Amino acid sequence: MHQDYFPPGIVVLTGAGISKESGIDTFRDPDGLWNRVNLEDVATLEGWHRDKKKVLDFYNEARGLFRAAQVAPNAAHDALARLEAKYGGDVTIVTQNIDPLHEMAGSKNVLHMHGREGEIRCMKCSTVFPSDADLAIDSVCAKCGAVGELRPNIVWFGEQPMHLDEIYAALDKCGLFMAIGTSGQVYPAAGFVLHVRRRARVRTVELNLEPTENQTLFQDHIYGPATRIVPPYVERILAEGWKAGGW
Ligand code: NAD
């Protein structure tokens, strides 16, 4: 059965909170970019069809913020890269973030379930291109020539998240599930903890600034800023390793 994988895999779900101390606002920060707009205008397909310019301007601004902040990974991203490098089994980072900080820290096995910055997609021919350029409503697709059909390759509300097959495959054979810096309000990510808890001998831990609405679904809880709580937790896993029966 699943317990035969040894050492068992680790799945780390990350959210906006892990990048907060790198200078990127979370979804629910009162002054954050996301709170200055109506999400239905900029993060839904309906919003796109209503006003493409508004959507593109929003993501152009967000991209500009990433550049201006010259964001760098923090100690929590670094610790997860170290976990992947040193742990003997699979470590899969499933991130809801669109920023590139896990990769910048050196993590290799990263699934961006809500898409990622630095990629654009043509709504007409579905081609995905790497691009850091700002988009306008007259931008032209280099593949099919369509005008005004290029959008950020980011999953909007109501759209299917990416990499779900790979994510559920990793969840189905993990022995430890960590959720870091995520409020647990956006599905399906918020449901991953229940998915893994259907199996015996899976440890689940919430690492967050404060208890979330999902806290009772986790067996273990560690609260504080990610840069303070994630590195010692990772060191503990690396030092103690997997023992039959759990961590
Ligand atoms: P969220 O904003 O809903 O929740 C963030 C969580 O992080 C909160 O529970 C908060 O208590 C916690 N937090 C704040 N500062 C923290 C810190 N220093 N250390 C540890 N935890 C901290 O974010 P979410 O759950 O990721 O869901 C919102 C959606 O917003 C996601 O789909 C994501 O794609 C998107 N988003 C992405 C980014 C990014 O790419 N960096 C930024 C903002 C929003």
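You'll find the structure just up there.
This report concerns the structure included in the present document. (Residues numbered from 1 in each chain as written. Predicted model: local features only at pLDDT ≥ 70, side-chain atom pairs only at ≥ 80, totals over all residues. Heavy atoms only, no water.)

### Side note on the side chain of Thr127
Turning to its location among the elements, Thr127 is positioned in the loop between β4 (115–122) and β5 (128–130). Judged by its relative accessible area of 17%, Thr127 falls in the buried class. The residues touching Thr127, leaving out its near neighbours within four places in the chain, are Ile120, Arg121, Cys122 and Lys143. (Helix = DSSP H or I, 4+ residues; strand = E, 2+ residues; numbered from the N terminus. Buried < 20%, exposed > 50% of the residue type's maximum accessible area, 1.4 Å probe, protein only. Contact = heavy atoms within 4.5 Å.)

### Structural notes on the nonpolar core
In terms of nonpolar packing, the biggest core is built from 23 residues, with Tyr59, Leu150 and Trp156 touching the most fellow members. Every element with two or more residues in this core is listed here: α4 (52–68), β4 and β6 (150–154). For this core, the element with the highest residue contribution is α4, accounting for 6 residues. Leaving out residues up to four positions away in the same chain, Trp156 has contacts with Val42, Ala43, Thr44, Leu45, Trp48, Val55, Tyr59 and Arg151. Counting residues in hydrophobic clusters, the runner-up holds 22 residues, among them Ala76, Leu80, Tyr87 and Val91. (Core = buried A, V, L, I, M, F, W, Y, C linked by side-chain atoms within 4.5 Å.)

### Let's talk about helix α5 (residues 75–86)
For α5, built from 12 residues, the straight-helix expectation of 16 Å at 1.5 Å per residue is met to within 8% by its first-to-last C-alpha distance of 16 Å. Lining the buried residues of α5 we find β1 (9–14), α1 (16–19), β2 (91–95), α6 (101–105), β7 (174–180) and α9 (226–240). For α5, the N-terminal capping position is held by Asn74, with its side-chain oxygen 2.8 Å away from the main-chain nitrogen of Ala76. (Expected span 1.5 Å × (residues − 1). Polar contact = N/O pair within 3.5 Å; in protein donor to acceptor, adjacent residues only side chain to side chain.)

### Some points on the site of the ligand
In the region of the ligand, 27 residues are neighbours, and Phe27, Arg28, Gln96, Asp99 and Ser183 sit closest. Within the backbone of Ala16, an N or O atom sits 2.8 Å from an oxygen atom of the ligand. A distance of 3.5 Å is found between an oxygen atom of the ligand and a side-chain nitrogen or oxygen belonging to Glu210. Protein coverage of the free-state accessible area of the ligand, which is 860 Å², stands at 92%. Broken down by element, the shell around the ligand gets its largest block of residues, 3 residues, from α1. Here the residues of the shell around the ligand are counted per class, giving 9 nonpolar, 12 polar and 6 charged. (Near = heavy atom within 4 Å. Areas by Shrake-Rupley, 256 points an atom, 1.4 Å probe, with all protein chains shown as cover. Nonpolar A, V, L, I, M, F, W, Y, C, P; charged D, E, K, R; others polar.)

### What to know about the pattern of salt bridges
Tallied over the full model, the rule gives 13 salt bridges. Note that Glu117 and Arg63 form a salt bridge whose closest N and O atoms lie 3.3 Å from each other. Placement of the pair is Glu117 in strand β4 and Arg63 in helix α4, with a sequence separation of 54 residues. With relative accessibility at 4%, the residue Arg63 sits in the buried group. Linking Arg203 and Asp220 is a salt bridge whose minimum nitrogen-to-oxygen distance equals 2.9 Å. Here Asp220 lies in strand β9 (residues 220–223) and Arg203 lies in strand β8 (residues 203–208), a separation of 17 residues in the sequence. On the accessibility criterion, Arg203 (24% relative accessible area) is partly exposed. Asp220 gets classed as partly exposed once you look at its relative accessible area, which sits at 23%. Each member of the salt-bridge network shares a partner with another, and the members are Asp41, Arg50 and Lys54. (Salt bridge = Lys/Arg side-chain N within 4 Å of Asp/Glu carboxyl O.)

### As for unusual backbone geometry
At the junction of Tyr187 and Pro188, the peptide bond is cis and its omega measures out at 10° in the coordinates. Inspection of the secondary structure assignment puts Pro188 in the loop between β7 and α8 (192–197). Despite not being glycine, Ser126 has its phi angle at roughly 70°, a positive value. One can find Ser126 in the loop between β4 and β5. Here the phi dihedral of His163 falls at roughly 60°; this positive angle occurs in a residue that is not glycine. Examined against the element boundaries, His163 turns out to sit in the loop between β6 and α7 (164–172).

### Observations concerning the packing of aromatic side chains
This structure, assessed with the given rule, holds 5 aromatic pairs. Centroid distance Trp48 to Trp156: 5.9 Å. Interplanar angle 40°. Geometry classified as tilted. Of this pair, Trp48 sits in helix α3 (residues 45–50) while Trp156 sits in the loop between β6 and α7, placing them 108 residues apart in sequence. Each member of the pair, Trp48 as well as Trp156, carries the same accessibility label: buried. Residues Phe58 and Tyr59 carry aromatic rings whose centres are separated by 5.0 Å and whose planes lie at 85° to one another, so their mutual orientation is edge-to-face. Across the pair, Tyr59 and Phe58 agree in class, each one buried. Aromatic rings pair up to connect Trp48, Phe58, Tyr59 and Trp156 into one cluster. (Phe/Tyr/Trp six-rings, centres within 6.5 Å; stacked < 30°, edge-to-face > 60°.)

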